[in-house]
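The primary structure of each chain is shown beneath.
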Amino acid sequence: MKKLLVILGPTGVGKTNLSIEIAQYLKSPIISSDSRQIFKGMTIGTDAPTSEQLEKVTHYFISKIAIDEYFSASQFEDEARELLTQLHLHHDCIVMSGGSMLYIDAVTKGIDDVPDIDPTLRKQLTDLYEEEGIDPIRQ
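Anyway, here's the lowdown on the structure attached to this text.

Reading the values: rules and limits
Here the residue index of a chain counts from 1 through its sequence in written order. Whole-chain, interface and lining totals are the exception, using all residues; otherwise, since this is a predicted model, local features are given only for residues with pLDDT of at least 70 and side-chain atom pairs are given and counted only at 80 or more. Where side-chain values are given, they derive from all heavy atoms of the structure, hydrogens and water being excluded. Two rings from Phe, Tyr or Trp (for Trp, the six-membered ring) form a pair when their centres sit within 6.5 Å of each other. Planes less than 30 degrees apart are called stacked, planes more than 60 degrees apart edge-to-face, and all others tilted. The secondary structure listing takes helices from DSSP runs of H or I that are at least 4 residues long and strands from runs of E that are at least 2 residues long, numbered from the N terminus. Within the patch definition used here, like charges are joined within 9 Å and nonpolar side chains (Val, Leu, Ile, Met, Phe, Trp, Tyr) within 5 Å, considering only residues with over 30% relative accessible area and no salt bridge. Under the convention used here, a 1.4 Å probe and the Shrake-Rupley method define accessible areas, while residue burial counts only the protein chains that appear. The term salt bridge refers to a pairing of a side-chain nitrogen on Lys or Arg with a carboxyl oxygen on Asp or Glu at a separation within 4 Å. Partly exposed describes any residue whose relative accessible area lies between the buried limit of under 20% and the exposed limit of over 50%, with all areas from a 1.4 Å probe on protein chains only and scaled to the type maximum. Helices are assigned an expected span. That span is 1.5 Å times one less than the residue count.

**Comments concerning the packing of aromatic side chains**
Then comes step 1: Taken as a whole and judged by the stated rule, the model has three aromatic pairs.
Then comes step 2: Geometrically, the ring pair formed by Phe 76 and Tyr 103 is stacked, given 4.4 Å between the ring centres and 25° between the ring planes. Residue Phe 76 is found in helix α3 (residues 73–87), and its partner Tyr 103 is found in helix α4 (residues 101–108); the two are separated by 27 residues along the sequence.
Then comes step 3: Every member of this aromatic cluster is reached through a ring pair, and the members are Phe 61, Phe 71, Phe 76 and Tyr 103.

**Considering a nonpolar patch on the surface**
Then comes step 1: Taken together, the side chains of Ile 117, Leu 121, Leu 125, Tyr 129, Ile 134 and Ile 137 define a hydrophobic patch exposed on the protein surface, amounting to about 500 Å² of accessible area.
Then comes step 2: Inspection of the secondary structure assignment puts Leu 125 in helix α5 (residues 119–132).
Then comes step 3: Owing to a relative accessible area of 37%, Leu 125 belongs among the partly exposed residues under this scheme.

**Thoughts on α5**
Then comes step 1: The end-to-end C-alpha separation of α5 is 20 Å, in line with the 20 Å expected for 14 residues at 1.5 Å each.
Then comes step 2: Among the residues trailing α5, Gly 133 stands out with phi positive, at a value near 90°.

**Considerations on the pattern of salt bridges**
Then comes step 1: Summed over all chains, the structure comprises six salt bridges.
Then comes step 2: The residue Lys 64 makes a salt bridge to Glu 79 at a minimum N-O spacing of 3.1 Å. Within this pair, whereas Lys 64 is found in the loop between β3 (59–60) and α3, its partner Glu 79 is found in helix α3, the two being separated by 15 residues in sequence.
Then comes step 3: Using a relative accessible area of 37% as the deciding quantity, one classes Lys 64 as partly exposed.
Then comes step 4: A residue is classified by how much of its surface remains accessible, and Glu 79, at 30% relative accessible area, is partly exposed.
Then comes step 5: Arg 81 is the salt-bridge partner of Glu 77, the closest N and O atoms lying 3.7 Å from each other. Taken together, the residues span about one helical turn, with Glu 77 and Arg 81 both in helix α3 at a distance of four residues.

**Digging into unusual backbone geometry**
Then comes step 1: The backbone phi angle of Lys 27 is positive, close to 55°, even though this residue is not glycine.
Then comes step 2: Mapping Lys 27 onto the fold places it in the loop between α1 (15–26) and β2 (30–32).
Then comes step 3: Judged by its relative accessible area of 65%, Lys 27 falls in the exposed class.
Then comes step 4: A positive phi angle, near 50°, is found at Ser 63, a position not held by glycine.
Then comes step 5: Tracing the backbone through its elements, the reader meets Ser 63 in the loop between β3 and α3.

Now the structure itself:
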């Protein structure tokens, strides 16, 4: 039976070190379930793994996308589940570590099938907010 071991908790409590120790023991990679560490350059306030820690065990979803790119929990669910399928071909147990419960729930329980927001509408509303503030959007 293939398994997913989830290590979760708030920032700065030692999840990274613990997950690395367990992953080394299991010969498993680590899937990060941190909604901020997925962005490149988000090292402040996230307690992201150091380069030395990243060298010890293969990590996924660390510094994966640019800070200005859109990424949702639904995308994480799809990508992480596909990755798990591939990783389970070679590993009986995969370690997932992080503090973003929405990401963890998306993978372990599934997320509601909500349609993606139209990118044109998103841009129009973002532009309106930047030009006129929140009041026109509320109305």
